[in-house]
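# Descriptive structure summary
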Amino acid sequence: MFKGSLVALITPMAEDGSLDPKAFQDFCAWQIAEGTQGLIPVGTTGESPTLSHAEHHRVVAMCVEAAGGRVPVIAGTGSNSTEEAIELTRHAKQAGADAALIVTPYYNKPTQEGMFLHFKAIADAVDLPVIIYNIPGRSVVDMSVETMARLAKHPNIVGVKDATANLTRPLHTRAAIGPDFCQLSGEDHTALAFLAAGGHGCISVTANIAPRLCAEMHAAWDKGDLAEAMAIQDRLVPVHDAMFCETSPGPVKYAASLLAKSTAFCRLPMAPVSESTRARVKAAMVSAGLLN
C-alpha cells in the first residue's frame, strides 16, 4: 500500500532548459531525508508533456537509482495513446519502478468504455501495479466510480490518484471497491479531508518545497493527533494557494529556486511566472517558515 506524503516531483533544469541530473538526484535524496514516503517522477509537475521519450526514460531511471529502494517510485507513464502508455510503462518496469501512475487519456475524450479498455490494455501488457490518475481539470474526461470498480478487478490496477477535489468521491470509491484499493488525493488542499473520507495519502505538489511539513501532517494524522495535523494544514494553506495561483509547475519551480534546489526554468509553452506570483510565492513561504 502506498500511503502518507508522496511528492509529484519537479524536474530540475539548467537555465538553457537541459535536464540537471545532479540537481534531480540530490532533490530526490533531500525529499527522502525530509520524510517523503514516495517519489513520483515525470508527472505533469515534472513537465512530462515537454520531455522527449529519452529524457522521460532517463528521469525515471535516475529517480529509481536515487531512491535506492528506500521509498517507492511511482513513475508517470500516461499518454493519450494507449500504445505509447504501454511503452512508457514497460520502460518503468525495466527501470525498477514500483508502480505506474497513468492519467486518463486527455484531448481524445474517450467514453467510459474507452477508458476501461485503455487501462485494461496497459495492465494486461505490463505486470506492474497501476494507479489511475483521474484529473478532469486537465484531461477533460472524468472516470466514473463504476468504471474504476470494473478496472479494480484487474490484479495490476491497485489504486487511484484522485484530483477531482470532490470529497464524496473517495467515500463512493471505498464503498464500491473496498478499503484495500489505494486512494491518494491529488489535491493538496484536500489532503486531510481525503484521509478522513477513507483515503491513504496525498501525491503533493507542495511537498516539493515543504516535504517535512507535509510528512509531519500525515504522521500526526496517523497518530490520531488531529489538532497537530490541522495546525500544520493551516500553515500550509497559503502555500497551496500560491503553488496554484498560476499554472503548475511554474510557481513550484520558482519556489524551489528560492530554496536553491532548482532553477525556476520551465519549458515552453510554460511561461516564466509573473512578478505578482513571485511575490505571493515568497510571502507564503516566509509565512509558513520555509524561508527566512
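Think of each chain on its own: its residues are numbered from 1, step by step along the sequence as written. Whole-chain, interface and lining totals are the exception, using all residues; otherwise, since this is a predicted model, local features are given only for residues with pLDDT of at least 70 and side-chain atom pairs are given and counted only at 80 or more. Processing note: side-chain calculations cover all non-hydrogen atoms of the structure and skip hydrogens and water entirely.

## Points about the overall build of the chain
Helix and strand definitions here come from DSSP, where helices need a minimum of 4 consecutive H or I residues and strands a minimum of 2 consecutive E residues; each element is numbered from the N-terminal end. Each helix and strand counted, the chain has 12 helices and 8 strands in total. With the radius of gyration taken over C-alpha atoms, the globule rule is written as 2.2 Å times the number of residues to the power 0.38. Taking 19 Å as the expected radius of gyration for a compact globule of 292 residues, we find that the chain reaches 18 Å, a close match to that expectation. Expressed along its principal axes, the backbone C-alpha trace of the chain runs to roughly 50 × 45 × 35 Å. Three exposure classes are used, based on accessible area relative to the maximum for each residue type with a 1.4 Å probe and protein chains only: buried under 20%, partly exposed in between, and exposed over 50%. The buried share of the chain, reckoned over its 292 residues, is 55%. Contact definition: two residues touch when any of their heavy atoms are within 4.5 Å. Intrachain contacts of the chain at a sequence separation of at least 6 include 72% that bridge at least 24 residues. Here the open area of atoms and residues is found with the Shrake-Rupley method and a 1.4 Å probe, where only the protein chains shown may cover a residue. Of the roughly 11,800 Å² that the chain leaves accessible, carbon and sulfur atoms contribute 54%. When the 23 basic and 29 acidic side-chain charges of the chain are each reduced to a single mean position, those positions are 1 Å apart. In this tally, Asp and Glu contribute negative charge and Lys and Arg positive charge; neither His nor the terminal groups of the chain are included. Note that the charge is assigned to NZ on lysines, CZ on arginines, CG on aspartates and CD on glutamates.

## Brief notes about helix H9 (residues 211-223)
Note that an α-helix has 3.6 residues per turn; residues three or four places apart therefore point the same way. In a helix, the anticipated span is given by 1.5 Å times the number of residues less one. Over its 13 residues, H9 runs 18 Å from end to end, which matches the ideal 18 Å to within 8%, given 1.5 Å per residue. Within H9, the full set of buried residues consists of Pro211, Leu213, Cys214, Ala215, Met217, His218 and Ala220. Looking at the packing, one finds that the buried side of H9 touches strand E1 (4-8), helix H1 (21-33), helix H8 (191-196), strand E8 (201-204) and helix H10 (226-243). Glycine 224 sits one or two positions beyond H9 and adopts a positive phi of about 80 degrees.

## Here we look at the UniProt feature "binding site: pyruvate" (unreviewed entry) in the chain
UniProt positions are given in the numbering used here, feature names are shortened, and annotations may be inferred rather than shown by experiment. Cross-referencing UniProt, the feature "binding site: pyruvate" (unreviewed entry) maps to Thr45 and Ile203 in the present numbering. A maximum C-alpha distance of 10.7 Å is found for the annotated residues, which run over 159 residues; spatially they form one tight group. Structurally, the position occupied by threonine 45 is in the loop between strand E2 (38-40) and helix H2 (53-67). Since its relative accessible area comes to 8%, threonine 45 is described here as buried. Here threonine 45 is in contact with Ala8, Leu9, Ile10, Thr11, Val205, Asn208, Ser248, Pro249 and Val252, once residues within four sequence places are set aside. Here isoleucine 203 lies in strand E8. By relative accessible area, isoleucine 203 is classed as buried at 1%. When residues no more than four places from it in sequence are discounted, the contact partners of isoleucine 203 are Leu6, Val7, Ala8, Ile40, Leu101, Lys161, Leu184, Ser185 and Gly186.

## Comments concerning the nonpolar core
Counting residues in each nonpolar core, the largest one holds 74 residues, and the members touching the most others are Leu9, Leu39, Phe119, Ile157, Ile209, Met243 and Leu290. Considering each element in turn, this core owes the most residues, 7 residues, to H2. Contact partners of isoleucine 157, with chain neighbours within four places excluded, come to Phe119, Ala123, Val130, Ile132, Leu151, Ala152 and Phe181. The next biggest cluster of nonpolar side chains, apart from the first, holds 15 residues, and it includes Leu6, Ile131, Tyr133 and Ile135. Note on terminology: a nonpolar core comprises buried Ala, Val, Leu, Ile, Met, Phe, Trp, Tyr and Cys residues joined through side-chain atoms within 4.5 Å.

## Some points on the sheet that holds E2
Spatially, E2-E1-E8-E7-E6-E5-E4-E3 is the arrangement adopted by the 8 strands of the open sheet, whose pairing is parallel. At either end of the open sheet lies a strand with only one pairing partner, and these are E2 and strand E3 (74-76). If you compare each strand with its neighbour and ignore which way they point, the axes differ by 30 degrees on average. Strand pairing is defined by DSSP finding a minimum of two bridges between the two strands. Pairing geometry for strand E5 (residues 130-134) and strand E6 (residues 157-162), over 5 bridges, is parallel. Along E6, the bridge assignment pairs valine 130 with isoleucine 157. A fitted line through C-alpha atoms represents every axis, and for helices the fit uses only the stretch in contact; the resulting angles, taken between N-to-C directions, go from 0 to 180 degrees.

## A closer look at unusual backbone geometry
Cis geometry is adopted by the peptide bond preceding proline 249, which originates at serine 248 and carries an omega value of 15 degrees. Residue leucine 268 is joined to proline 269 through a cis peptide bond whose omega torsion reads 15 degrees. Mapped onto the fold, proline 269 is located in the loop between helix H11 (250-258) and helix H12 (275-287). Phi is positive for valine 140, which is not a glycine, with a value near 80 degrees. Along the chain, the position of valine 140 falls in the loop between helix H5 (136-139) and helix H6 (145-151). Positive phi, normally seen in glycine, also occurs at alanine 260, with a value near 60 degrees. Mapping alanine 260 onto the fold places it in the loop between H11 and H12.

## Topic: the UniProt feature "site: Part of a proton relay during catalysis" (unreviewed entry) in the chain
The positions that UniProt labels "site: Part of a proton relay during catalysis" (unreviewed entry) are, in the present scheme, Thr44 and Tyr107. Tracing the backbone shows threonine 44 in the loop between E2 and H2. Ignoring any residue separated from it by four or fewer positions in sequence, one finds threonine 44 in contact with Tyr133, Arg138 and Pro249. Examined against the element boundaries, tyrosine 107 turns out to sit in the loop between strand E4 (99-103) and helix H4 (112-125).

## Regarding the side chain of lysine 161
For lysine 161, the position within the fold is in strand E6. Beyond its immediate stretch of four places on either side in the chain, lysine 161 contacts Leu101, Ile131, Ile132, Tyr133, Asn134, Leu184, Ser185, Gly186 and Ile203.

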